[in-house]
Amino acid sequence: MGTGEASSTDVRNASRNEQADDGGKVEARVGWRYTLSQIRKDTTARLGFYIIGFIFVVAVFAWIDAKLFDYAIISSFWHNPVNDPSNAKILRPPAWTSNTFGPGLWEYPLGTDHRGRDILVRLVYGSRIAMQVGIVSTGFGLICGTLVGAVAGYHGGWVDDVLMRVAETLYAIPFLVLVIAFMAAFGRDLTFAMIGVGITTIPVFARLIRSRVVSVREEEYIEAAKAAGVRDRNIILRHVIPNSFAPVLVQATLQVGISILIVAGLSFLGFGAQPPTPSWGQMLSQSRGYMLPDPWFSLWPGLAILVTVMGFNLLGDGLRDALDPRIKN
């Protein structure tokens, strides 16, 4: 055996050893287990996951208390100044500082709003609106956009032209104008806000997955499925979409943060969740007249939106690194 051949064999054996796990099996570089392992190695992805996980737990608690117990849990240890306006402590700053309205109180750690309501409590219960809106609206756009883009890319021809021209028409309309027009026609309810935002995201997902499907449809396993007599619907759902979904999943993670920003802007303009239901955008809208005497009033909901969107962006970056084989972590 020559020296060159021996060196080549050593390199191959070393490569196998590097990829082998503790049980002697070769590590698979595809699948959800590998993806999760790559996410765990990514510091920014872990940070985003922890941020989203914490906010999600808070939102679930707020949803359970609001929907199932009619705010009974929070009412057991929090005094609602709306029921006793004469004793309301309005526009108090955080507990560790003071302003022209008086010193902060540890009873209200982050201060109070213009009606004496605890800002911390309203931030907690506003988190359920943010998470609900972000997940539902993005899920709506993800499902519809994925189906539209997959069908258009798989069939091509006039089907592709019709579906993508409709999607591009939606994409050409400013998203805020489209959502406001939709809500003006059907109502300012939060449900219509989520649907309207979801409609604006359909072209994003449709264009993204179509670009992947156009290449996937030429693969040999797709041709084999057609030759075996598998229906086009089953090919799209079982083969085309799963093998084109990685970039769509990354975009969906990023789109949740964008949807939260959009609905926060709508709430600032008076659309979306209506009083007395707390939402972060609504809190910002109510604080705009008190920024000089009490800047804390507007700071906390702004930070809540910033941290939540940052968490989804960090997680999206981690997913992109884990799902893109061209990127070496």
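Keep in mind the model is a prediction, meaning the values are calculated, not measured. (Residues numbered from 1 in each chain as written. Predicted model: local features only at pLDDT ≥ 70, side-chain atom pairs only at ≥ 80, totals over all residues. Heavy atoms only, no water.)

Trainee: Just checking my understanding: could you explain the overall build of the protein for this structure?
Mentor: Counting secondary structure elements, the protein contains 13 helices and 2 strands. Counting the 329 residues in the protein, one finds 41% classified as buried. Here the analysis covers contacts within the protein between residues at least 6 apart in sequence; of these, 67% occur between residues at least 24 apart. Approximately 18000 Å² of the protein is accessible, and the part contributed by carbon and sulfur atoms is 63%. (Helix = DSSP H or I, 4+ residues; strand = E, 2+ residues; numbered from the N terminus. Buried < 20%, exposed > 50% of the residue type's maximum accessible area, 1.4 Å probe, protein only. Contact = heavy atoms within 4.5 Å. Areas by Shrake-Rupley, 256 points an atom, 1.4 Å probe, with all protein chains shown as cover.)

Trainee: Whenever I open this one, unusual backbone geometry confuses me. Can you help?
Mentor: Glycine aside, residues mostly have negative phi, and peptide bonds are mostly found in the trans state. The phi angle at Asp 70 is positive, at roughly 55°, despite the residue not being glycine. Within the fold, Asp 70 resides in the loop between α3 (43-67) and α4 (72-75). We note that Leu 91 has phi near 50°; this positive angle belongs to a residue other than glycine. On the secondary structure map, Leu 91 appears in the loop between α4 and β1 (98-99).

Trainee: Explain the pattern of salt bridges here, please?
Mentor: Two side chains bearing opposite charge may form a pair once their charged atoms approach each other closely. All told, the structure shown has 6 salt bridges when counted by the stated rule. Measuring nitrogen to oxygen at the nearest pair gives 3.0 Å for the salt bridge that ties Glu 168 to Arg 165. Here Glu 168 pairs with Arg 165, and both are found in helix α6 (residues 157-172), just 3 residues apart, close to one helical turn. Looking at Glu 168, the relative accessible area reads 35%, which means it is partly exposed. Via salt bridges that share partners, Asp 113, Arg 117 and Arg 122 belong to a single interconnected network. (Salt bridge = Lys/Arg side-chain N within 4 Å of Asp/Glu carboxyl O.)

Trainee: Sorry, what's going on with the environment of Thr 200 here?
Mentor: Within the secondary structure layout, Thr 200 lies in helix α8 (residues 190-216). Excluding anything up to four places from it in sequence, Thr 200 contacts Phe 175, Leu 178 and Val 179.

Trainee: Explanation requested: the packing of α6 against α8 in the structure shown.
Mentor: Two measures define how a pair of helices packs: the angle their axes make with one another and the distance between the axes. Between α6 and α8, whose axes approach to 8 Å, the crossing angle comes to 135°. The orientation of α6 relative to α8 falls into the category oblique. In terms of crossing hand, the pair formed by α6 and α8 is left-handed. Contacts from Asp 160, Met 164, Ala 167, Leu 170 and Tyr 171 of α6 reach α8 at Ile 199, Pro 203, Val 204, Ala 206, Arg 207 and Arg 210. (Axes fitted to C-alpha atoms, helices over the stretch in contact; angles between N-to-C directions. Parallel < 35°, antiparallel > 145°, perpendicular 65-115°, else oblique. Left-handed = near helix turned anticlockwise from the far one by under 90°.)

Trainee: How do you make sense of the packing of aromatic side chains when you look at a structure like this?
Mentor: How two aromatic rings sit relative to each other is set out by the distance from centre to centre and by the angle between their planes. This model, assessed by the stated rule, comprises 10 aromatic pairs. Centroid distance Tyr 290 to Phe 297: 6.1 Å. Interplanar angle 40°. Geometry classified as tilted. In this structure Tyr 290 comes out as partly exposed when scored by relative accessible area, which is 27%. Three or more aromatic residues joined by ring pairs form one cluster here, namely Phe 61, Tyr 71 and Tyr 125. Sitting above the plane of the Tyr 171 ring, Arg 207 keeps its charged end 4.8 Å from the centroid. Stacked on the ring of Phe 268, the Lys or Arg Arg 288 has its end atom at 5.2 Å from the ring centre. (Phe/Tyr/Trp six-rings, centres within 6.5 Å; stacked < 30°, edge-to-face > 60°. Lys NZ or Arg CZ within 6 Å of the ring centre and 35° of its normal.)

Trainee: I would appreciate a short explanation of the environment of Tyr 154 in the present structure.
Mentor: Secondary-structure assignment places Tyr 154 in helix α5 (residues 119-155). Distance from Tyr 154 to Ile 235, taken between C-alpha atoms, is 9.4 Å for residues 81 residues apart in sequence. When sequence neighbours within four positions are dropped, the list of residues in contact with Tyr 154 reads Val 213, Arg 217, Ile 222, Lys 226, Asp 232, Ile 235, Ile 236 and Val 240.

Trainee: Any chance you could explain the packing of α5 against α8 here in plain terms?
Mentor: Packing of α5 against α8 brings their axes to within 5 Å, and their N-to-C directions diverge by 35°. As for the relative orientation of α5 and α8, their crossing is right-handed in sense. Here the residues of the contact of α5 with α8 are counted per class, giving 20 nonpolar, 10 polar and 1 charged. (Nonpolar A, V, L, I, M, F, W, Y, C, P; charged D, E, K, R; others polar.)

Trainee: What is the right way to read the nonpolar core from this model?
Mentor: In a soluble, globular protein the nonpolar side chains are often hidden away together inside. Of all hydrophobic cores here, the largest spans 22 residues; its most connected members are Ile 119, Leu 123, Met 131, Trp 280 and Phe 312. At the level of elements, α3, α5, α11 (246-268), α12 (280-287) and α13 (296-323) are the ones that each hand at least two residues to this core. The element contributing the most residues to this core is α13, with 7 residues. Ignoring sequence-local partners within four residues, the contact set of Ile 119 consists of Leu 110, Gly 111, Thr 112, Asp 113, Met 283, Phe 297 and Trp 300. (Core = buried A, V, L, I, M, F, W, Y, C linked by side-chain atoms within 4.5 Å.)

Trainee: Looking at this structure, how should I read a nonpolar patch on the surface?
Mentor: The grouping of Phe 56, Val 57, Val 60, Phe 61, Trp 63, Ile 64, Leu 68, Phe 69, Ile 73, Phe 77 and Ile 135 at the surface amounts to a nonpolar patch, some 1000 Å² of accessible area in total. Take the nonpolar patch: its biggest share by element is 6 residues, from α3. Along the chain, Phe 56 falls in helix α3. (Patch = residues over 30% accessible without salt bridge, like charges linked within 9 Å, V, L, I, M, F, W, Y side chains within 5 Å.)

Trainee: Looking at this structure, how should I read the side chain of Thr 138?
Mentor: With respect to the helices and strands, the residue Thr 138 is situated in helix α5. A polar atom in the side chain of Thr 138 sits 3.2 Å from the side chain of Ser 259. Residues in contact with Thr 138, not counting those within four places in the same chain, are Val 133, Phe 205, Ala 252, Gln 255, Val 256 and Ser 259. (Polar contact = N/O pair within 3.5 Å; in protein donor to acceptor, adjacent residues only side chain to side chain.)

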